[in-house]
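Survey of secondary and tertiary structure
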Amino acid sequence: MNSIRHMGAALGAAALLLLLWGAPPAAAQGTPVGTAQNAIGTLLVVRSDGIEDRLQGKGSLPLYEGDVLRTEAATQALIQFRDGVQVALNEGTAFKILSRWEKARGITRIIRLSQGEVWVTTGEGLKQLEVETPVATAIVEGTEFNLKVQEDGQSVLTVIQGVVQFGTPFGTCPIRTGTISYGARGKRCTKPAETNAQPAIAWKQALTQ
């Protein structure tokens, strides 16, 4: 009888620990949605359970839904999603990996960019991707672009190739190859203006060579 009681107590303690700390990371995270492949400096990845991982130099650090990625000063990083989308992070960047499922469209990958700058290329074929900033959203299917969040939250979109639907709560406009647009709080995005897109992405060259 005592052994049964002891076994029950042990099982109860184990269940309590699981409730307090959650399931093991692998079980909680499920299938990776991508990998971090290169970091100049140190890329910090904060998992949804609070555990932190880091990548320095080239490697293959798995990324999961709910992860928050951060780069500090003098740090850049390159990641790749399973569908072929590549994202480079400039220094001082932070974003969260999310997704949305719709019956008609399936899964849309979401990058919730709170600060900093990213370069994105979707590769071949149409991909369903959205990059959210504090004031605007870039809706992408097949394109290459650079998106920067300034200190006041203003978002600067430069399209290198393709078309990006760039919107705020006050309206959405298509931004095409070789043009730039600004999104600010409480306003529509600006009309696209011609620009030389190459200087906007010069920062990511060392990551993608």
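Residues numbered from 1 in each chain as written. Predicted model: local features only at pLDDT ≥ 70, side-chain atom pairs only at ≥ 80, totals over all residues. Heavy atoms only, no water.

Considerations on the packing of aromatic side chains
- For the structure on display, the rule yields zero aromatic pairs.
- The ring of Trp 119 carries Lys 204 above its face, with NZ or CZ at 4.2 Å from the centroid. (Phe/Tyr/Trp six-rings, centres within 6.5 Å; stacked < 30°, edge-to-face > 60°. Lys NZ or Arg CZ within 6 Å of the ring centre and 35° of its normal.)

Overview of the confidence of the model for the chain
- Confidence in the prediction for the chain averages 87 pLDDT; 86% of positions are at 70 or higher.
- No element of the chain has a lower mean pLDDT than helix α1 (residues 2-21), which averages 42, and none a higher one than strand β3 (residues 68-71), which averages 98.
- Considering only residues more than four positions removed or in separate chains, one finds that residues 1-28, a stretch of pLDDT under 50, has five contacts. (pLDDT = per-residue confidence, 0-100. Helix = DSSP H or I, 4+ residues; strand = E, 2+ residues; numbered from the N terminus. Contact = heavy atoms within 4.5 Å.)

So, the side chain of Thr 133
- Here Thr 133 lies in the loop between β8 (129-132) and β9 (137-140).
- Dropping the residues within four chain positions of it, Thr 133 is found in contact with Leu 113, Leu 147, Val 149 and Ser 155.

Overview of the nonpolar core
- Of all hydrophobic cores here, the largest spans 37 residues; its most connected members are Leu 43, Leu 69, Ile 79, Val 87, Phe 95, Phe 145 and Leu 147.
- When neighbours within four sequence positions are excluded, Phe 95 is seen to be in contact with Asp 67, Val 68, Leu 69, Ile 79, Val 87, Leu 89, Ile 111, Arg 112, Leu 113 and Val 118.
- Leu 78, Ala 88, Ile 160 and Ala 197 belong to the second largest nonpolar core, which has eight residues in total. (Core = buried A, V, L, I, M, F, W, Y, C linked by side-chain atoms within 4.5 Å. Buried < 20%, exposed > 50% of the residue type's maximum accessible area, 1.4 Å probe, protein only.)

A look at the environment of Thr 75
- Mapped onto the secondary structure, Thr 75 falls in the loop between β3 and β4 (76-81).
- On the basis of relative accessible area, Thr 75 is assigned to the buried category, the value being 5%.
- Note: C-alpha distance between Thr 75 and Asn 90 (15 residues apart in sequence) is 6.9 Å.
- Among residues more than four places away in sequence, those in contact with Thr 75 are Ile 40, Gly 41, Thr 42, Leu 43, Leu 89, Asn 90 and Glu 91.

Brief notes about the pairing of strand β11 (residues 155-161)
- Judged by how many residues are buried, β11 sits mostly within the fold: six of seven residues are covered.
- Here β11 pairs with strand β14 (residues 179-183) via five bridges, running antiparallel. Residue pairing for β14: Val 159 is matched across the bridge by Thr 179. (Pairing = 2+ DSSP bridges.)

Some words on the pattern of salt bridges
- For the structure shown, the criterion picks out seven salt bridges.
- For the salt bridge of Glu 52 with Arg 54, the shortest nitrogen-to-oxygen distance reads 3.2 Å.
- When its relative accessible area of 41% is taken as the criterion, Glu 52 is described as partly exposed.
- Taking relative accessible area as the criterion, Arg 54 reaches 52% and is therefore assigned exposed.
- Of the charged contacts in the structure, one is a salt bridge between Glu 102 and Arg 100, with a shortest N-O distance of 3.6 Å. (Salt bridge = Lys/Arg side-chain N within 4 Å of Asp/Glu carboxyl O.)

Quick look at the state of the cysteines
- The tally for this structure, following the rule as stated, stands at one disulfide.
- With its sulfur 2.2 Å from that of its partner, Cys 173 forms a disulfide with Cys 189. With Cys 173 in strand β13 (residues 171-176) and Cys 189 in the loop between β14 and β15 (193-194), the pair connects residues that are 16 residues apart, well separated along the chain. Cys 189 matches Cys 173 in its accessibility class, with the two residues each being buried. (Disulfide = S-S within 2.5 Å.)

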